[in-house]
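So you can see what is in the structure, the chains are spelled out below.
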Amino acid sequence: MGTTASLRLAATADLHLRPAVAGKFRPGFLDLDRHADLLLLAGDLTEGGTVANTELLCAELADLPVPVVAVLGNHDHDENRGEFITRRLTDTGVVVLDGDSTVLTLCGHRIGIAGVMGGSGGFPGHPGDPERGSAEHRARMRRGPVDARRLRQALDGLDCATRVALTHFAPVVETLAGERESIYPGLGCHALGEAIDAGRATLALHGHAHAGSECGRTEGGVPVRNVSYPVLRRTYAVYDLAVDARRVRPPSP
C-alpha cells in the first residue's frame, strides 16, 4: 500500500466586493495558513466589475499567507473590465486563469488547477435554447460548451495526477438544488461536467448559484462543490484533497 497525504484547499466565490462588505473577509483570509495550503476563488469577486470595487477586492487579498488562484465571473465583466481586473489581481499576487492552468508545489506535492469562467448551456432535462432569444442570451448559452472545450484542453495539459477544475458556472445540476429549475440552463452547462470527467479532475469547484447546494458529483464521480459565499455562509470552505505519495515528483526544471 502507498502512503497518502492531503492538501487543504480553501475555496470561496461570489464575494461581490463593494463598499458595504469591504474588510469583511480580510480577517479570515489573513488567518488562512492556519487552516489551508491554498485559496481558490471561483468568480464574481466584484460587484459590477468597477474600478473602485476592484481596488477593494485587491485590498482584501493583498499579502495573504497562502497562494491564491482565481477565475473571474460574469459580474466581473459587467463593465468590460475583465482584463483590468486580471491585471490588478496579478499585481496583487493572485494567479488568474482563463482557459489555462497552473501547477503549484504545496507541502511537497504537486497540484494542478485548470480554470475557465464557463457559461450557460443547460443540462439534460433543462437544455435551454442557444438559438433563440436576444443576441446576449444566445452568446451566453453558447459560452458554456465553448469554455468546456477550453477547460478540457487546460486539464489535459497538466502533467500532475492531482487536478482541480475551477469554474464560475456550474458543471452539474446537483449543486443548483435550491435555485428555480427554470433558470438552471442559465446557471451552468453539462458540457463543463463532461470536460471535468474527460480531463480526469480530482475535484471541481464553482460558484454563481447563490441559492444552490454545496455538494454534488459529475456523472463520472468527480466531487463538485458550490463555494458561493451565500451558500457556504462563511468566508471560505476547506476541503482535504488526498494525494498519493507514490505520484509525487519534483517539478520539471
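Look up: the structure comes first, before these words.
Okay, so let's go over this structure. Since we're looking at a predicted model, the values are computed, not measured.

What counts and how
Residues numbered from 1 in each chain as written. Predicted model: local features only at pLDDT ≥ 70, side-chain atom pairs only at ≥ 80, totals over all residues. Heavy atoms only, no water. Helix = DSSP H or I, 4+ residues; strand = E, 2+ residues; numbered from the N terminus. Expected span 1.5 Å × (residues − 1). Bend = angle between axes of the 7 residues up to and from the residue. Buried < 20%, exposed > 50% of the residue type's maximum accessible area, 1.4 Å probe, protein only. Contact = heavy atoms within 4.5 Å. Pairing = 2+ DSSP bridges. Axes fitted to C-alpha atoms, helices over the stretch in contact; angles between N-to-C directions. Salt bridge = Lys/Arg side-chain N within 4 Å of Asp/Glu carboxyl O.

1. Looking at the environment of Arg149
With respect to the secondary-structure elements, Arg149 resides in helix 4 (residues 135-156). C-alpha separation for the pair Arg149 and Gly207, spaced 58 residues apart in sequence, amounts to 19 Å.

2. Here we look at helix 4
For helix 4, which comprises 22 residues, the first-to-last C-alpha distance of 32 Å matches the rise-based estimate of 32 Å (1.5 Å per residue) to within 8%. Approximately 30° is the largest bend angle found in helix 4, and it occurs at Arg143, with the proline Pro145 only one to four residues beyond. Among the residues making up helix 4, those that are buried are Met141, Gly144, Asp147, Ala148, Leu151, Ala154 and Leu155. For helix 4, the elements touching its buried residues are strand 5 (100-106), strand 6 (109-115), strand 7 (163-166), helix 5 (184-187) and helix 6 (190-198).

3. Comments concerning the sheet that holds strand 8 (residues 203-206)
Here we have six strands laid out as an open sheet, ordered 5-6-7-8-10-9, and mixed in their pairing. Single-partner strands in this sheet number two, and they are strand 5 and strand 9 (215-217). Each neighbouring strand pair of the sheet contributes to a mean axis angle of 25°, computed without reference to strand direction. Where strand 9 lies against strand 10 (residues 223-226), three bridges are found, and the strand directions are antiparallel. Each bridged residue has a counterpart across the sheet, and for Cys215 the counterpart in strand 10 is Arg225. Sitting on the sheet, helix 4 touches strand 5, strand 6 and strand 7, and the angle it makes with strand 7 is about 160°.

4. Observations concerning the pattern of salt bridges
What the rule picks out here adds up to 12 salt bridges. In this structure, Arg8 engages Asp37 in a salt bridge whose closest nitrogen and oxygen atoms are separated by 3.1 Å. Linking Arg8 in strand 1 (residues 4-12) with Asp37 in the loop between helix 1 (26-30) and strand 2 (38-42), this pair joins segments that are 29 residues apart in sequence. Taken together, the shared-partner salt bridges connect Asp98, Arg143, Asp147 and Arg150 into one network.

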